[in-house]
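Structural characterization, general
So the chains spell out like this:
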Amino acid sequence: MSKQCWIEKLNLEVTDQDDGGCMITIDWDADNPELAEWTSWGEEKQKTFVIDSLYNALECFIDHDH
């Protein structure tokens, strides 16, 4: 039995936008004690965490020369 990571308790939804981009919406149970730290971060720190995580996951695909 594996222990579920707290980030797996976030519900992420990606929706296509008319301009060709996408929007990521994150929902979670604010009463879940395992998500108390995430909830306490506030929107700006949560955004930074998600952007940094995406960047780190995709960095090998980024052409830093252009």
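Residues numbered from 1 in each chain as written. Predicted model: local features only at pLDDT ≥ 70, side-chain atom pairs only at ≥ 80, totals over all residues. Heavy atoms only, no water.

All right, on to the confidence of the model for the protein then. Of all residues in the protein, 92% attain a pLDDT of 70 or more, and the chain-wide mean is 90. Mean pLDDT values for the elements of the protein range from 94 in helix H1 (residues 36-58) up to 96 in strand E1 (residues 11-16). (pLDDT = per-residue confidence, 0-100. Helix = DSSP H or I, 4+ residues; strand = E, 2+ residues; numbered from the N terminus.)

Under the criterion given, the structure shown has 3 salt bridges. Salt-bridge contacts for Lys-9 lead to Glu-34; the nearest nitrogen and oxygen are separated by 3.1 Å. Residue Lys-9 is found in the segment before E1, and its partner Glu-34 is found in the loop between strand E2 (22-27) and H1; the two are separated by 25 residues along the sequence. Since its relative accessible area comes to 22%, Lys-9 is described here as partly exposed. Glu-44 is the salt-bridge partner of Lys-47, the closest N and O atoms lying 3.9 Å from each other. Here Glu-44 and Lys-47 lie together in helix H1, a separation of 3 residues that amounts to about one turn. Because the salt bridges share partners, they merge into one network encompassing Glu-43, Glu-44 and Lys-47. (Salt bridge = Lys/Arg side-chain N within 4 Å of Asp/Glu carboxyl O. Buried < 20%, exposed > 50% of the residue type's maximum accessible area, 1.4 Å probe, protein only.)

A separate point is the pairing of E2. In the sheet, E1 pairs with E2 via 6 bridges, with the strands oriented antiparallel. Across the sheet, the residue bridging to Thr-15 is Met-23, located in E2. (Pairing = 2+ DSSP bridges.)

Before going further, it helps to examine the environment of Lys-47. Residue Lys-47 is classed as partly exposed on the basis of its relative accessible area of 40%. Along the chain, Lys-47 and Ile-26 lie 21 residues apart, while their C-alpha atoms are 10.0 Å from each other.

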